[in-house]
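# Secondary and tertiary structure notes
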Amino acid sequence: MKKPVKIAIAVGVTVAILGPLAYFWQRSLVPATYDMAEMGYPDYGGGPQAGHVHGGAGSISVATLTGPSTGDPEVAVTLTARKEKDGRYTLNGQTPGPEIRAKKGQLVQVTLVNDNVSDGVTLHWHGVDVPNAEDGVAGVTQDAVQPGQSYVYRFVAQDAGTYWYHSHQVSHVQVRDGLFGAFVVTEPVFAEGIDQVVEVHTYDGRRTIGGVAGESPLSARPGQLVRARVINTDAGPLRAWVTGVPYRVAAIDGRDVHGSTDISDKSVTVTAGGRVDLAFTMPASGARVDVGAGAALVAGGLKATNEPKAVLDFLTYGTKAPLGFDPAKANRNFDYRIGRTAGFLDGKPGLWWSINGHLFPDVPMFMVAVGDTVRMTISNDSGEVHPMHLHGHHAVVLSRNGVAATGSPWWFDSLDVGDGETYEIAFVADNPGIWVDHCHNLKHAADGLLAHLAYTGVATPYKIGDVAGNQPE
Ligand SMILES: [Cu+2]
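Residues numbered from 1 in each chain as written. Predicted model: local features only at pLDDT ≥ 70, side-chain atom pairs only at ≥ 80, totals over all residues. Heavy atoms only, no water.

### Some details on the sheet that holds strand β9 (residues 161-166)
Taken in spatial order, the 4 strands make up an open sheet running β5-β10-β9-β7, and their pairing is mixed. A strand with exactly one partner marks an edge of an open sheet, and here the two such strands are β5 (97-103) and β7 (124-126). Across the sheet, the axes of successive neighbouring strands diverge by a mean angle of 25 degrees, strand direction being ignored. In terms of strand pairing, β9 meets strand β10 (residues 180-186) through 6 bridges, oriented antiparallel. Bridge assignment links Tyr-165 to a residue of β10, and that residue is Gly-181. (Pairing = 2+ DSSP bridges. Helix = DSSP H or I, 4+ residues; strand = E, 2+ residues; numbered from the N terminus. Axes fitted to C-alpha atoms, helices over the stretch in contact; angles between N-to-C directions.)

### Overview of the pairing of strand β6 (residues 107-114)
The buried count for β6 comes to 7 of 8 residues, which makes it a mostly enclosed element. By the bridge criterion, 7 bridges tie strand β3 (residues 75-83) to β6 in an arrangement that is parallel. Looking at the pairing, Leu-79 lines up with Leu-112 of β6. Here β6 pairs with strand β8 (residues 150-156) via 7 bridges, running antiparallel. (Buried < 20%, exposed > 50% of the residue type's maximum accessible area, 1.4 Å probe, protein only.)

### Examining the coordination of the copper ion
At 2.0 to 2.1 Å from the copper ion lie its protein donor atoms, namely His-386 (ND1), Cys-439 (SG) and His-444 (ND1). Read from N- to C-terminus, the donor residues coordinating the copper ion fall into the pattern H-x52-C-x4-H. In this pair, His-386 is assigned in strand β27 (residues 386-390) and His-444 in helix α3 (residues 442-446), connecting sequence segments 58 residues apart. (Donors = N, O, S within 2.8 Å, 3.2 Å for Na, K, Ca; no water.)

### Re the domain arrangement of the protein chain
Interface extent is often summarised as the accessible area lost during association of the parts. When the domains of the protein chain are assigned, the result is domain 1 (1-30), domain 2 (36-64 + 322-459), domain 3 (67-190) and domain 4 (191-312). Centre-to-centre separation of domain 2 and domain 4, based on C-alpha positions: 30 Å. Of the residues lining the interface, 14 residues belong to domain 2; the matching set on domain 4 comes to 15 residues. Both sides of the domain 2 and domain 4 interface together cover about 1000 Å² of buried area, and 50% of this is carbon and sulfur. On the domain 2 side of the contact with domain 4, Ser-408, Ser-414 and Asp-416 bury the most area, a combined 37% of that side's loss. Here domain 2 is connected to domain 4 by 1 salt bridge. The partner of Asp-413 in a salt bridge is Arg-275, and the shortest N-O contact between them spans 2.7 Å. (Domains from an automatic or database assignment. Contact = heavy atoms within 4.5 Å. Buried area = accessible area lost by both parts, 1.4 Å probe. Salt bridge = Lys/Arg side-chain N within 4 Å of Asp/Glu carboxyl O.)

### A word on the environment of Asp-313
Tracing the chain through its elements places Asp-313 in the loop between β22 (310-311) and β23 (332-345). A relative accessible area of 26% places Asp-313 in the partly exposed class. Polar side-chain contacts of Asp-313 include one of 3.0 Å to the backbone nitrogen of Leu-315. (Polar contact = N/O pair within 3.5 Å; in protein donor to acceptor, adjacent residues only side chain to side chain.)

### Focus: the sheet that holds β8
Neighbouring strands of a sheet are bound in pairs by backbone hydrogen bonds; such pairs are parallel or else antiparallel. Pairing is mixed across the open sheet formed by 4 strands, whose spatial order is β4-β3-β6-β8. The open sheet has two edge strands with one neighbour each: β4 (89-91) and β8. Taken over all neighbouring pairs, the strand axes of this sheet differ in orientation by 20 degrees on average, direction set aside.

### A closer look at the layout of surface pockets
To find the voids left in a structure, one rolls a probe of water-molecule size over its atoms. Counted as a void, the second largest pocket has a volume near 480 Å³. If you trace the second largest pocket, you find 24 residues lining it, with Ala-160, Glu-187, Arg-227, Arg-229 and Asp-256 closest to the centre. Of all the elements in the fold, those that place two or more residues in the lining of the second largest pocket are β10, β11 (194-203), β14 (225-232), β16 (248-252) and β17 (255-256). The dominant element in the lining of the second largest pocket, judged by the number of residues it contributes, is β14, at 4 residues. Grouping the constituent residues of the lining of the second largest pocket by class yields 10 nonpolar, 4 polar and 10 charged. A domain split of the lining of the second largest pocket shows at least three residues from each of domain 3 (67-190) and domain 4 (191-312). (1 Å grid on protein atoms, 1.4 Å probe; cavity = no way out; pocket = protein on both sides within 12 Å on 5 of 7 lines; lining within 4 Å. Points joined across faces, edges and corners; volume = space filled by probe spheres on them. Nonpolar A, V, L, I, M, F, W, Y, C, P; charged D, E, K, R; others polar.)

### Here we look at the pairing of β23
Strand direction decides the pairing type here: β23 and strand β26 (residues 373-380), joined by 7 bridges, are parallel. Opposite Phe-334, over in β26, you have Met-376 as the bridge partner. Judged from the 8 bridges that link them, β23 and strand β24 (residues 348-355) form a sheet pairing that is antiparallel. By the bridge assignment, Phe-344 is partnered in β24 with Pro-349. Count of turn residues in the β23/β24 antiparallel hairpin: 2 residues, of which Asp-346 carries a positive phi of about 50 degrees.

### Some points on the nonpolar core
Grouped together as the largest cluster of nonpolar side chains are 80 residues, with contacts concentrated most on Val-249, Val-268, Leu-278, Phe-280 and Tyr-336. Those residues within four positions of Val-249 in sequence are excluded, and the remaining contacts are Val-257, Ser-260, Ile-263, Val-268, Val-276, Asp-277, Leu-278, Leu-312, Phe-314 and Tyr-317. (Core = buried A, V, L, I, M, F, W, Y, C linked by side-chain atoms within 4.5 Å.)

### As for the side chain of Thr-122
As for its placement among the helices and strands, Thr-122 is situated in the loop between β6 and β7. On the basis of relative accessibility, which here comes to 0%, the residue Thr-122 falls in the buried class. Only 2.8 Å separates the side chain of Thr-122 from the backbone nitrogen of His-168, close enough to count as a polar contact. Discounting residues that sit within four places of it in the chain, Thr-122 has contacts with Leu-112, Gly-136, Ala-138, Gln-142, Ala-144, Tyr-153, His-166, Ser-167, His-168 and Gln-169.

### Some remarks on the side chain of Arg-288
Mapped onto the secondary structure, Arg-288 falls in strand β20 (residues 287-291). Here Glu-215 takes part through its side chain, which lies 3.1 Å from a polar atom of the side chain of Arg-288. Of note is the side chain of Arg-288, whose polar atom sits 2.9 Å from the side chain of Asp-290. If we ignore the near neighbours within four places in the chain, the residues touching Arg-288 are Glu-215, Trp-241, Val-242, Thr-243, Ala-296, Leu-297, Val-298, Leu-302, Lys-303 and Ala-304.

### Things to note about the pattern of salt bridges
Within this structure, the stated rule accounts for 22 salt bridges. Arg-101 serves as the salt-bridge partner of Asp-195, at 2.8 Å between the closest nitrogen and oxygen. On the criterion of sequence distance, the pair formed by Asp-195 in strand β11 and Arg-101 in strand β5 is long-range, its members being 94 residues apart. When its relative accessible area of 22% is taken as the criterion, Asp-195 is described as partly exposed. Asp-177 is the partner of Arg-176 in a salt bridge, and the nearest nitrogen-oxygen pair spans 3.0 Å. In this structure, a network of salt bridges that share partners links the residues Glu-99, Arg-101, Asp-195, Arg-227, Arg-229, Asp-256 and Asp-277.

Here it is in structure tokens:
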């Protein structure tokens, strides 16, 4: 072959490879600022396509979807966020931040003050189905609160249960390094016994309960009912179990389990971001609540035992109860297929999380209208577990890998979808707004495992990106 021909072929091959590459690279670039409601492509799930996708005339702003703007709050808290010299983030000088408790039906008001966090901060009420404007997602429901600024969240604590709050601005760093706390809503009449938050977080590789590594006291007298509210604030699944006495799972993600029964020699999985309430009656011989290795609540000096090999399956635990809606009548059917795809993410080549074969920001917007019944099939062949978290709604598990749920309705806001697993879930679209639906391994979300559920006719005035100063993940 003559040299010019060789060169021509080489150039041709180079153009053939680099041309599409340049195209995909360019397409992957996240603009310096963008509107969450205009990213990706609308997915109507087989339902009506009416309504304004991008806002415009007749649309309402998420900023108007607030909690009660008048009335004296029954729970009023001010939380001041700081970045400390050691790199940790604190709220009112502590991490975890103060535990906030409200009774069901009370008006809660939290004033977030940013002292010195240069990236800005927000507070998201994880698992609390608040009105959209109170959801605390930077660039979607508000602007990040900059140093010297403050922001007021007001909402009614409608559902008793175990929740938590955390920053949703640069969250994969801020949550990891301390910007979070527990939020508990109790029934109006306080239950007898001991009610204790078990807030699990790993700081610099050390697992803690409420910031304390090793054993912490469980101060219950024999015969007292104990409710241990385990909150997993880390990035991966956590195993929890009780030794010394049989125990029950009283609630999952802030929703009571119906017909819970005693468990022994089994652990439960607490999804990243999820909560599981463990209940038992304190025996005279002592008991302990272990949360993985390295941290436990202990009464009566009970020594650590090995983690039980068996894990409770929520799919079959408890007994059936009405859902309050009929998933068979769903008018939206969505797929949320999590994979791993070679390509560019914001100009960086790599193997990235994909949603329905697409890379962020070219991912689906799941479009719904108020009153819709929604089914979603979440599947995962990406090689890793993903704790999927939909804001603003509780969904119920219908099946896993084609096997129908037969236990108590398994309501959740945070669900581990393991590699090779498929979950079918359902919920009612009853909380208008724009809601992120993402992986709560927050590094994964920052790497593009994030979509959103958007109600037709709702627009956001906030923007994501460097220019706007909003980086929710
Ligand atoms: Cu993930």
